[in-house]
Amino acid sequence: MIVLFVHEMNRNPARKLLAEARSGLPPIRLVTYQQAFRRLSFPAGTLIFTDFEFLDGFGMMAAAAIAEAALRDNPQTLILNHPCHAAERYPLLRRLHRVGLNPVEITRLDGGDRPARYPVFLRLEDGCLGSETGLITSDEAFDAAIADLRGSGRPLKRRVAVSFESEPDREGFFRKYGAFRIGGQIIPQHILRSADWVVKSAKSELSEAFNAEEFAYVRDNPHAEALMQMSDIGGLQFGRIDYGMVGGHPVIFEMNPNPTFPRFSKRGGDRQERRAIILRAVAAAFAAISSAENGHRRIGFAPPLDARRYIQTSRWGAVSRRIWSWRAQLAERRAGGHGAG
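Procedures and definitions
Residues numbered from 1 in each chain as written. Predicted model: local features only at pLDDT ≥ 70, side-chain atom pairs only at ≥ 80, totals over all residues. Heavy atoms only, no water. Phe/Tyr/Trp six-rings, centres within 6.5 Å; stacked < 30°, edge-to-face > 60°. Helix = DSSP H or I, 4+ residues; strand = E, 2+ residues; numbered from the N terminus. Buried < 20%, exposed > 50% of the residue type's maximum accessible area, 1.4 Å probe, protein only. Lys NZ or Arg CZ within 6 Å of the ring centre and 35° of its normal. Core = buried A, V, L, I, M, F, W, Y, C linked by side-chain atoms within 4.5 Å. Contact = heavy atoms within 4.5 Å. Lys, Arg positive; Asp, Glu negative; His and termini not counted. Salt bridge = Lys/Arg side-chain N within 4 Å of Asp/Glu carboxyl O. Polar contact = N/O pair within 3.5 Å; in protein donor to acceptor, adjacent residues only side chain to side chain.

Engineer: Could you give an account of the packing of aromatic side chains, with specific residues and numbers?
Structural biologist: Summed over the entire model, instances satisfying the criterion amount to 14 aromatic pairs. With a centroid separation of 4.9 Å and 10° between ring planes, the pair formed by Phe5 and Phe49 is classed as stacked. Placement of Phe5 in strand β1 (residues 2-6) and of Phe49 in strand β4 (residues 46-49) is noted, with a sequence separation of 44 residues between them. For Phe5, a relative accessible area of 0% gives the class buried. With a centroid separation of 5.3 Å and an interplanar angle of 50°, the aromatic rings of Phe121 and Trp197 are classed as tilted. Taken together, the positions of Phe121 in strand β7 (residues 120-124) and Trp197 in the loop between β10 (185-194) and α6 (208-220) put the pair 76 residues apart, joining distant regions of the chain. In this structure Phe121 comes out as buried when scored by relative accessible area, which is 13%. Linked through ring pairs, Phe5, Tyr33, Phe37, Phe42, Phe49 and Phe301 together constitute an aromatic cluster. Residue placement shows Arg193 over the ring face of Phe210; its charged tip is 4.1 Å from the ring centre.

And the structure:
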């Protein structure tokens, strides 16, 4: 049994994984933090923690209490992304840069710090919304970008400047590689290419030569050792690593602990064989970390006393979320479309 903890606001990636590949996976129990916090118990098994960006400090303390309760119950419990050790984007990039394994520099904005070098771009520290600016190449442009953020009603808290570390391939495209880490396995997923420096999806025509290169990447797993080392430094054993290549070396941008997996059920197309390789590797990696627990036994835990009153335990269902979204849209229209972001 594997117990996968997610935030109630971000259940879809894990749900899609289970729906797409249920027949090839060991038993996986999806548990929201809010369910565990409300019941003060959780199923026994291998524990995977995700969605740290959705938890405040009190929620992180409660998540850590879950991990520690599991270890007290059974010191051999396998825990992936222990909340006391797992690094989100800012500390991950800082740690990797500090030890000389990754050139990306990251600077928090709300303390008045400035980038040590350019070019950089500005973005939220959390989530996957990507860059909020173009590439910034000077102090003057940096000051102007900060002024634009404030002028549009966007606070500097939890916003960062990230150095741009990438280079185009021989055809002039920028690349983003994606690889999963599941326990002790690195599993390559894809190579995305774009003429734009921001690579969010594949925006280039897929030639026969590129398809062959991507297939070889998935088959041969050429960067496994480096990715394993860098994710270990970040205290992360589960998620998708997004990275580029500079001078022949992997450059990590982030590691998403609650990733979207490929559509394994899709049939046909040039990537069918590639998807089959990924599915087999994902299923084998999950099987390797699954415990003998059957999911029926529960373990109790208690969040730290000084944090209990602040821990979110309410359920935000799909209907409530739709109503909230509708009300937000209505409020924005009443304000003349001048919402703050």
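Engineer: Describe in detail the nonpolar core, supporting the description with residues and values.
Structural biologist: By size, the foremost hydrophobic cluster in this structure holds 69 residues, and its most contacted members are Phe5, Phe49 and Phe286. For this core, the element with the highest residue contribution is helix α3 (residues 57-73), accounting for eight residues. Ignoring anything within four residues of it in the chain, the contact list for Phe5 reads Val31, Tyr33, Ala36, Phe42, Leu47, Ile48, Phe49, Thr50 and Ile66.

Engineer: Describe in detail the side chain of Asp51, supporting the description with residues and values.
Structural biologist: Within the element layout of this structure, Asp51 appears in the loop between β4 and α3. Look at Asp51: it is buried, it has no salt bridge, and the nearest opposite charge is Arg11 at 8.6 Å. For Asp51, the side chain forms a polar contact with the main-chain nitrogen of His7, separated by 2.9 Å. Here Asn258 takes part through its side chain, which lies 3.1 Å from a polar atom of the side chain of Asp51. Residues contacting Asp51, with those up to four places away along its chain left out, are Val6, His7, Asn10, Tyr33, Pro257 and Asn258.

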